[in-house]
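Residue-level structure breakdown
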Amino acid sequence: MHVDEADRVYRELREAAAGPPETYARVLERALAACAADPAADECLDVLELHDELAEAYDRLGRVEDALRHADVLVERGYRSAPDPRCRRAEILTRHGRLQEAATIWDEVARDTPDDVWLYNNAGLEYGAMGEHEVALGWLTKGLELAVRTGDPERLVGQLRDLRAESLAALGREPDGLQTAEPRPAARTPAPRPRPADAPAQVTRGRVEQPPVAWAWLPADEYPHLEQRWPDIADASTVRDEAGGLIGHATYCRRMEGRLREASDAGMTAIRIAPLRWADYTAWQEESREEGEPAQLRARYAADLCNDPTRVINWPPGRNEPCWCGSGRKYKKCCAAPGAGGVR
């Protein structure tokens, strides 16, 4: 399967994901059938991610056994996810009232991966949604204790607190000290990256915070005009495949996700994504009378956008929040998915 064909399939999936679950399930079925017929499909599409999506779509349709069948494929083929892929089956069973079967799986995964905070978050979330707040509270308490103890590397303290507050309220209990506990500082923190001289660090409660850093990005409606409006970007290797052809927007976003992760791992914090739209950009140029190389101008424009939080996108979003790329899918199902998303 050529990368262009994979990108077409992905666009179709992205559009169907925003529609009725019946339609999305049919599109996913066709995509998996195409992958089964093409041995090279694994080179372009994340087939296990398609199984994961289809399990969720069938779950929403009430087709429980079909959902469980695709959830089991994830385990059989070694799908990498957080929490453990066995939790997909446990989630489906919990949602459909098969609590004893689900509990066996949740407990098994907890024995195998006791330090995975996503396990406790997801189990608590599912039990709370079913009204099983006593059970939910147990999982959420363990998860919040773990997140606080380890410095919250997965940034889940806020969500765990909110879910736990709901269960405490449902049980008629008052908030306890754990609800306000702050994550412990990590044992090792990356060295801060150099800052421009005119961008002073801000100190909050004794901690040095970097100013926001803006990354320019072409949204889906602007990307088709790449070669006409942004020729220097169009010439870059970051938007070209091995044959020199222009990659699709989905692949472009996943490449950018990889660069963002590298920057984050290197110590860059407070990352913002600044959408480039030609009309706004040219109006800014005329008003500001800025001059310079195209890349320098885009960097200044992106920095200016950071002055208005409504015009930039915070990165990374929460795993259950809409993806920053505008696909309409959850971040964990899109650019944050294993293997850098559906298209590699």
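Please refer to the structure placed before this passage.
Residues numbered from 1 in each chain as written. Predicted model: local features only at pLDDT ≥ 70, side-chain atom pairs only at ≥ 80, totals over all residues. Heavy atoms only, no water.

Attention now moves to helix α3 (residues 47–61). If you check α3, its first and last C-alpha atoms are 21 Å apart, about what 15 residues at 1.5 Å a residue would give, namely 21 Å. The buried count for α3 comes to twelve of 15 residues, which makes it a mostly enclosed element. Considered for burial, the residues of α3 that qualify are Val47, Leu48, Glu49, Leu50, His51, Asp52, Glu53, Leu54, Ala55, Ala57, Tyr58 and Asp59. The positive-phi residue at the C-terminal boundary of α3 is glycine 62, with phi of around 80°. (Helix = DSSP H or I, 4+ residues; strand = E, 2+ residues; numbered from the N terminus. Expected span 1.5 Å × (residues − 1). Buried < 20%, exposed > 50% of the residue type's maximum accessible area, 1.4 Å probe, protein only.)

This paragraph deals with the pairing of strand β4 (residues 271–275). The buried count for β4 comes to four of five residues, which makes it a mostly enclosed element. Direction of pairing for strand β3 (residues 213–217) relative to β4: parallel, over a ladder of five bridges. The residue of β4 that forms the bridge with tryptophan 217 is proline 275. (Pairing = 2+ DSSP bridges.)

The axes of two packed helices give the description: the angle between them and the distance between them. Between helix α13 (residues 278–288) and helix α14 (residues 294–305), the shortest axis-to-axis distance is 11 Å and the interhelical angle comes to 95°. Comparing the axis directions of α13 and α14 gives the class roughly perpendicular. Contacts between α13 and α14 involve Asp280, Tyr281, Trp284 and Gln285 from the first element and Pro294, Leu297, Arg298, Arg300, Tyr301 and Asp304 from the second. (Axes fitted to C-alpha atoms, helices over the stretch in contact; angles between N-to-C directions. Parallel < 35°, antiparallel > 145°, perpendicular 65-115°, else oblique. Contact = heavy atoms within 4.5 Å.)

With mixed pairing, the three strands of this open sheet are ordered in space as β3-β4-β5. What marks the edges here is a single partner per strand, and that holds for β3 and β5 (313–315). Averaged over all neighbouring strand pairs, the angle between strand axes comes to 35°, with direction disregarded. The sheet strands contacting helix α12 (residues 249–265) are β3, β4 and β5, and the helix crosses β3 at an angle near 165°. Along the sheet face, α14 touches β3 and β4 and points at about 110° away from the line of β4.

Let's shift gears to the side chain of histidine 51. For histidine 51, the location among the structural elements is in helix α3. We classify histidine 51 as buried; its relative accessible area is 9%. Among residues more than four places away in sequence, those in contact with histidine 51 are Leu32, His70, Val73, Leu74 and Arg77.

Another aspect to go through is the packing of aromatic side chains. Across all of its chains, the model carries eleven aromatic pairs by this definition. Measuring from centroid to centroid gives 5.2 Å for tryptophan 230 and tyrosine 281, while their planes differ by 50°, and the two rings are tilted. With tryptophan 230 in the loop between α10 (226–229) and α11 (231–234) and tyrosine 281 in helix α13, the pair connects residues that are 51 residues apart, well separated along the chain. Here tryptophan 230 and tyrosine 281 have matching classes, each one buried. In this structure an aromatic cluster arises from ring pairing among Trp230, Trp278, Tyr281, Trp284 and Tyr301. Sitting above the plane of the tryptophan 139 ring, lysine 142 keeps its charged end 5.9 Å from the centroid. (Phe/Tyr/Trp six-rings, centres within 6.5 Å; stacked < 30°, edge-to-face > 60°. Lys NZ or Arg CZ within 6 Å of the ring centre and 35° of its normal.)

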